[in-house]
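Commentary on secondary and tertiary structure
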Amino acid sequence: MLGGGQLGRFFVAAAHEMGYHVWVLDPDPHSPAALIADRHLLAAYDDYAALDELAQGCAAITTEFENVPAGTLDYLNKFVLVRPSAAAVSVCQNRIAEKNFLRDNGLPHAGFAAVHHEHDLREADDRLFPGILKVARFGYDGKGQAVVVNRDAAVAAFQQFKGETCVLEQKLALDCEVSVVLARDETGSIESFPTAENSHRKGILDVSLVPARVAAELHDEAAGLAGRIADRLGYIGTLAVEFFVVHGKLVINEMAPRPHNSGHYTIDACITSQYEQQVRALCGLPLGEARAHSTAAMVNLLGDLWYETTPAGDHYREPDWSKLHAFANLKLHLYGKHHARPGRKMGHFTVLDADPENARQVAMTARAAIGIVDAA
Ligand SMILES: Nc1ncnc2c1ncn2[C@@H]1O[C@H](COP(=O)(O)OP(=O)(O)O)[C@@H](O)[C@H]1O
Ligand SMILES: [Mg+2]
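The structure presented is a predicted model; accordingly, all values stated were derived computationally and were not measured.

Parameters and conventions
Residues numbered from 1 in each chain as written. Chains lettered and ligands numbered in written order. Predicted model: local features only at pLDDT ≥ 70, side-chain atom pairs only at ≥ 80, totals over all residues. Heavy atoms only, no water. Helix = DSSP H or I, 4+ residues; strand = E, 2+ residues; numbered from the N terminus. Rg over C-alpha atoms; globule rule 2.2 N^0.38 Å. Buried < 20%, exposed > 50% of the residue type's maximum accessible area, 1.4 Å probe, protein only. Contact = heavy atoms within 4.5 Å. Areas by Shrake-Rupley, 256 points an atom, 1.4 Å probe, with all protein chains shown as cover. Lys, Arg positive; Asp, Glu negative; His and termini not counted. Charge placed at Lys NZ, Arg CZ, Asp CG, Glu CD. Near = heavy atom within 4 Å. Polar contact = N/O pair within 3.5 Å; in protein donor to acceptor, adjacent residues only side chain to side chain. Nonpolar A, V, L, I, M, F, W, Y, C, P; charged D, E, K, R; others polar. Domains from an automatic or database assignment. Donors = N, O, S within 2.8 Å, 3.2 Å for Na, K, Ca; no water. Core = buried A, V, L, I, M, F, W, Y, C linked by side-chain atoms within 4.5 Å. Phe/Tyr/Trp six-rings, centres within 6.5 Å; stacked < 30°, edge-to-face > 60°. Lys NZ or Arg CZ within 6 Å of the ring centre and 35° of its normal. Disulfide = S-S within 2.5 Å. 1 Å grid on protein atoms, 1.4 Å probe; cavity = no way out; pocket = protein on both sides within 12 Å on 5 of 7 lines; lining within 4 Å. Points joined across faces, edges and corners; volume = space filled by probe spheres on them.

The helix and strand inventory of the protein chain stands at 13 helices and 19 strands. Scaling as 2.2 N^0.38, a compact globule of 376 residues should have a C-alpha radius of gyration of about 21 Å, and the protein chain matches this with 21 Å. Dimensions of the protein chain along its principal axes, counting C-alpha atoms only, are 55 × 55 × 50 Å. Counting only residues that meet the buried cut, the protein chain has 54% of its 376 residues in that class. Long-range contacts, defined here as pairs at least 24 residues apart, represent 60% of the contacts in the protein chain between residues at least 6 apart. Of the roughly 16,200 Å² of accessible surface on the protein chain, 51% is carried by carbon and sulfur atoms. Treating the 34 positive side-chain charges of the protein chain as one cloud and the 47 negative ones as another, the clouds have centres 2 Å apart.

Turning next to the site of ligand 1. Lining the immediate surroundings of ligand 1 are 19 residues, of which K134, G142, E177, N253 and E254 lie closest. At 2.8 Å, a side-chain N or O of Q145 approaches an oxygen atom of ligand 1. With the chains in place, 88% of the 540 Å² that ligand 1 exposes on its own is no longer accessible. Only β6 (131–135), β8 (166–170), β13 (237–246) and β14 (249–256) provide two or more residues apiece to the shell around ligand 1. Grouping the constituent residues of the shell around ligand 1 by class yields 5 nonpolar, 6 polar and 8 charged. Two domains each donate at least three residues to the shell around ligand 1, and these are domain 2 (111–170) and domain 3 (176–369).

Let's shift gears to the coordination of the magnesium ion (ligand 2). Reference values for angles at a metal are 109.5 degrees in the four-donor tetrahedral case and 90 or 180 degrees in the six-donor octahedral case. Coordination sphere of the magnesium ion (ligand 2), protein contribution only: E242 (OE) and E254 (OE), at 1.9 to 2.2 Å. You can see E242 sitting in strand β13 and its partner E254 sitting in strand β14, a full 12 residues away along the chain. On the basis of relative accessible area, E242 is assigned to the buried category, the value being 16%.

Taken as a class, soluble globular proteins show a tendency for nonpolar side chains to be buried jointly. In terms of nonpolar packing, the biggest core is built from 27 residues, with I229, L233, F243 and M255 touching the most fellow members. Mapped onto this core, the elements with two or more residues apiece are α5 (86–92), α6 (95–104), β9 (176–184), α9 (216–233), β13 and β14. Per-element accounting of this core gives the leading share, 7 residues, to α9. Excluding residues within four positions of it along the chain, L233 makes contact with A88, V91, C92, F101 and M255. Counting residues in hydrophobic clusters, the runner-up holds 20 residues, among them L305, L324, A366 and I370.

Let us now look at α6. Three- or four-residue spacings in an α-helix give side chains the same orientation, since the helix completes a turn every 3.6 residues. For α6, every residue scored as buried is listed here: R95, I96, E98, K99, F101 and L102. Phi for G106, located one or two positions after α6, is positive at around 65°.

Annotation of the protein chain at the domain level lists domain 1 (6–82), domain 2 (111–170) and domain 3 (176–369). For domain 1 and domain 2, the distance between their C-alpha centres works out to 34 Å.

For the rest of this paragraph, the subject is the packing of aromatic side chains. What describes a pair of aromatic rings is the distance from one ring centre to the other and the angle between the planes of the rings. Overall, the coordinates contain 7 aromatic pairs when judged by the stated rule. Measuring from centroid to centroid gives 4.7 Å for Y48 and Y75, while their planes differ by 80°, and the two rings are edge-to-face. Here Y48 is found in helix α3 (residues 48–57), whereas its partner Y75 is found in helix α4 (residues 70–77), with 27 residues between them in sequence. Aromatic rings pair up to connect F10, Y275 and Y335 into one cluster. Above the ring of W23, the side-chain terminus of R39 is found at 4.6 Å from the ring centroid.

Take the state of the cysteines next. Going through the model one piece at a time under the given rule, you end up with 0 disulfides. The thiol of C176 is unpaired, and the distance to the nearest cysteine sulfur, on C270, comes to 19 Å. On the basis of relative accessible area, C176 is assigned to the buried category, the value being 18%. With no disulfide of its own, C283 lies closest to C58 among cysteine sulfurs, the gap being 11 Å.

The subject of this paragraph is the layout of surface pockets. Considering only enclosed or pocket space, the second largest pocket measures out at about 440 Å³ in volume. For the second largest pocket, the lining is made up of 18 residues, of which R201, D304, L305, G371 and I372 are closest to its centre.

Rendered as structure tokens:
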């Protein structure tokens, strides 16, 4: 496993339960996945001595982190099975490659322009304003993005990003956001998980509701589009596709070549989890059934919860988890991270219920009980 965050940790747990050993390569000595792995290679993603060890010790390699250099995956692939392929990962790790891929395959996406130089902004189509300027690489959780009302604002934002290559996207009026996680195996067979409806706070996923509260046909359409993307990428593994719903229609936002935060609910609510599917696809096993046996509401737990505001100042302490354990249909998952920082994903919980509105309501009550307060 390349990368050792929470997504890697759930992969390690799934692989262990299925009878596999896992080595994790991650430069972080406190990597949550490495804590439970059979071995931690504490090294950078381009440390070729470590990659050689990995290639010699492992039968197959996957990733949980889309920013692993494509060169690393290409190198490993000379010696050992790598899934998903470097080519598929590199499309998903660069917003320009991603948008070009969508355009070239006739898949619905927001209007965009690649921005290498200021003059690309000067010449950009008027219809792209107001827009969102996004750095082409390494952005996540809304980082490296600026809403730009007009051309001058876009130029100013581009300068703030120090001239890093960007993509300018038309700012769409969103009805809501949804995502589809799927798995595709080496035979090309696909299992799609139910569509999740996602809401964000400060650019970070906050709540996922499953099934998404959108028109029935959009569920099939979203799964169909995600499946086409996986086919065109020749993808093997677990893939996530984020969508905007705009005037009742689906627009593809972005892809992640790995399990996804909005697919955490699959651990508790589906026959097979997104992580078990990743293991299955990697190991050449047939995929498990993706069907949900329950409706679900998932809530992210960020590091902010560790900071209690008292008259004497901010106080760092572990949240009182008994407030969540009090709910009989709530499953808490903490990631074992060493230190909580505001905005850092520390854990999540999923509420399971036969009725989706009940699941949502219990999740919101539990969310308030642990101290997540919505900004007014
Ligand atoms: N073109 C757009 N129009 C409207 N909202 C957008 C657009 N692009 C992004 N957003 C909002 O910003 C969020 C983060 O953008 P995204 O491209 O998904 O980046 P990240 O890699 O940070 O998840 C989206 O989930 C959405 O809420
Ligand atoms: Mg996103």
